[in-house]
Every structure is written in C-alpha cells, then in structure tokens.
Amino acid sequence: MFVTNPNLHRPPGTGKTSTIVGLVGAFVDSRPKVAAPISVGRATAPGEVPPVAKILLCAPSNAAVDEVAKRLKEGVRLMDGTLYVPKVVRIGADSAIDIAVKDVFIDELVESALSGTKSTTGSSDAQARMQAMRTEIDTLRGERDLKRLEMDSVVSNDYKRGELNVELKKIKSRLFELQQRLDSEKDKAQQSRRAMDAEQRKMRLKILSEADVICSTLSGAGHDYMSQLPFDFETVIIDEAAQSIELSSLIPLKYGCTRCILVGGASLSLSLLRSR
C-alpha cells in the first residue's frame, strides 16, 4: 500500500520553517496520550513509562537542521492557541552543531543529567595516584639497573656484592609491589569507565524516549544507537528535501515510518511505501 503525503516547496523566506513548526504543534496536540502503568504499592519506575510518539526531523545539512531546531526551541502553538515548548533533542557530531542548539545536543544533555552522580574528583585522584606510581616505577627501574652495573663491576669483594644484592632485592620487591598496585588501579579505572558508559547509554535512551522531536541530518539518522532504540518514528519530516539525494532520504525512513513530509522537495516522489 502507498500513502501520499504533502510536499512543500517554496522559495526561501516564504514560511517553510514556520510550516514545520506548525506541523510539529499539530502533531504534539493530536498524538495519543501515554498512560503510565500503575502498580499497587510501589511507584512507577521511569523505564516502565512507554515513550511518547515523536517526530524524526531531518535535513541534508547541519545548518538546515539547526535552524529548525532553534525555531522549535521557541515553542509551538497547539490547537487552542497555547504555547508549548517541545522537548527537542539534537543528535550528530559535536563539532558540526551550531552553538545556539548546544543546550539540546544529546551529549550535553547526558553530561548535564549525570553531572550530579559522577565523581570527577575521584577519577582525577585515581589518575594522579597512577601517575605517581608510574613515576616511582621508572625511578626504581633506573636504580635497579645502576645496582646491576655496580655488582658487575665488583669482582673480588664478596661482602660488597652481598650488600648490593640485598639492596637490589629490596628494589625489586618494591617494584613488584608498585606494579601490583598499579594493575589494581587500572582495573578499578576500567570498571569505573564501563559503569559510566552504561550510565551514559541508559541516560541517552531516557532522554531520547522523552523527546518530542529528534533532529538530525539524513546521514546522522543512521547512527548506531538510533537503530537500538526501542521505539519507531512513524512521522518523519525532511527539510530542504530538494537538496538531498534520494538514497540519503531513505535513511530516516527505516524506523517504521508511515508518514513522511517533504519540505522543499519538488524533485522527490510523494509516494512512500507504508511500513508494516
């Protein structure tokens, strides 16, 4: 089955972005309300709340995506005329995103959400301890090599060689102890990084699940974590569609899209296969 959707193509400055903002407002106002499951005797966990229906908004360039994201941050009008500020999340490469939308960039949102739970001081202290141990290990290795050279130079004095051997054993014992402690610190740091990575993945999923609009370039919509999200994007809006190539326009449509709106897309087909 095929479904035909609007294709809006007008010259610059004729209100295409305003139309997108209006479409988002209409979408937010008309989408079904999500009912959280109720469990008697306990509070509903955040992970048990179904994700709200959301729009995937794309464009071929970062500049076009950021422009629409900036407008959406100002709010959209609902059917009754009230202003609603949608939860907008911008995904993509940090270096390519406009400073004006950094506050809704996914990495910034994750870092802000976790800033109260992660201990940067603890991480810095661990790095300082490991660096101090590495420095001492290097120093002891130098002393060990000097003691070995000194022993090799002493041929006929057994007493002196015995003293040097005792000192060499002490250095080797200290080296072994430090290396064991350094390995232990490395293991702890690795476990901490894995735990932080897991927390970041969990928070990223929570933020994207609660978003009303996720903004991305066409190619950015193919990011690995997008394919791992436990929800689909039934509605996709592609801005500046005439400037994209057909193959790149297919990328955001792979997430269960049943309605695609092409803005500025005179050169693209209006007929899209309904996903089932």
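Thresholds, definitions, all that
Residues numbered from 1 in each chain as written. Predicted model: local features only at pLDDT ≥ 70, side-chain atom pairs only at ≥ 80, totals over all residues. Heavy atoms only, no water. Buried < 20%, exposed > 50% of the residue type's maximum accessible area, 1.4 Å probe, protein only. Helix = DSSP H or I, 4+ residues; strand = E, 2+ residues; numbered from the N terminus. Arc of directions from axis to C-beta. Contact = heavy atoms within 4.5 Å. pLDDT = per-residue confidence, 0-100. Salt bridge = Lys/Arg side-chain N within 4 Å of Asp/Glu carboxyl O. Phe/Tyr/Trp six-rings, centres within 6.5 Å; stacked < 30°, edge-to-face > 60°. Axes fitted to C-alpha atoms, helices over the stretch in contact; angles between N-to-C directions. Parallel < 35°, antiparallel > 145°, perpendicular 65-115°, else oblique. Left-handed = near helix turned anticlockwise from the far one by under 90°. Nonpolar A, V, L, I, M, F, W, Y, C, P; charged D, E, K, R; others polar.

1. A look at helix α3 (residues 106-114)
Looking only at α3, the buried set comprises Ile106, Val110 and Leu114. Buried residues of α3, seen end-on, are gathered within an arc of 55 degrees and therefore sit on one face of the element. Of the surrounding elements, those touching the buried residues of α3 are β6 (88-90), α5 (158-210) and α6 (224-227).

2. Some details on the side chain of Lys102
Relative to the elements of secondary structure, Lys102 occurs in the loop between β6 and α3. Among the residues examined, Lys102 registers a relative accessible area of 18% and is labelled buried.

3. Examining the confidence of the model for the chain
Of the residues in the chain, 82% have a pLDDT of 70 or more, and the chain-wide mean is 83. The spread of mean pLDDT over the elements of the chain runs between strand β1 (residues 2-4), the lowest at 38, and β6, the highest at 96. Here residues 1-8 is a poorly scored stretch, pLDDT under 50, and it has 32 contacts once near neighbours within four places are set aside; other chains count. Contacts of residues 266-276 to residues separated by more than four positions or lying in other chains number 37 contacts, the stretch itself having pLDDT below 50.

4. Things to note about the pattern of salt bridges
Under the criterion given, the structure shown has 13 salt bridges. The salt bridge partner of Arg129 is Glu185, with a shortest N-O separation of 3.3 Å. Placement of the pair is Arg129 in helix α4 (residues 120-153) and Glu185 in helix α5, with a sequence separation of 56 residues. For Glu199, the salt bridge goes to Lys202, with nearest N and O atoms at 4.0 Å. In this pair, Glu199 and Lys202 are both assigned in helix α5, three residues apart and thus about one turn of the helix distant. Overall, the relative accessible area of 36% leaves Glu199 in the partly exposed class. One salt-bridge network, held together by shared partners, links Glu67, Lys70 and Asp98.

5. Considerations on the packing of aromatic side chains
The final tally for this structure, using the stated rule, is two aromatic pairs. For the ring pair Phe231 and Phe233, a centre distance of 5.6 Å and an interplane angle of 75 degrees mean the geometry is edge-to-face. Note on accessibility: Phe231 and Phe233 belong to one class, buried. Taken together, a centroid distance of 5.9 Å and an interplanar angle of 70 degrees make the contact between Phe233 and Tyr255 edge-to-face.

6. Quick word on the packing of α3 against α5
Two elements in contact, α3 and α5, have axes whose closest approach is 9 Å; the angle formed by their N-to-C orientations is 115 degrees. On the basis of their axis angle, the class for α3 and α5 is roughly perpendicular. Handedness of the crossing formed by α3 with α5: right-handed. Contacts between α3 and α5 involve Ile106, Asp107, Leu109, Val110, Ala113 and Leu114 on the former and, on the latter, Met196, Glu199, Gln200, Met203, Arg204, Ile207 and Leu208. A class-by-class count of the residues in the contact of α3 with α5 yields nine nonpolar, one polar and three charged.

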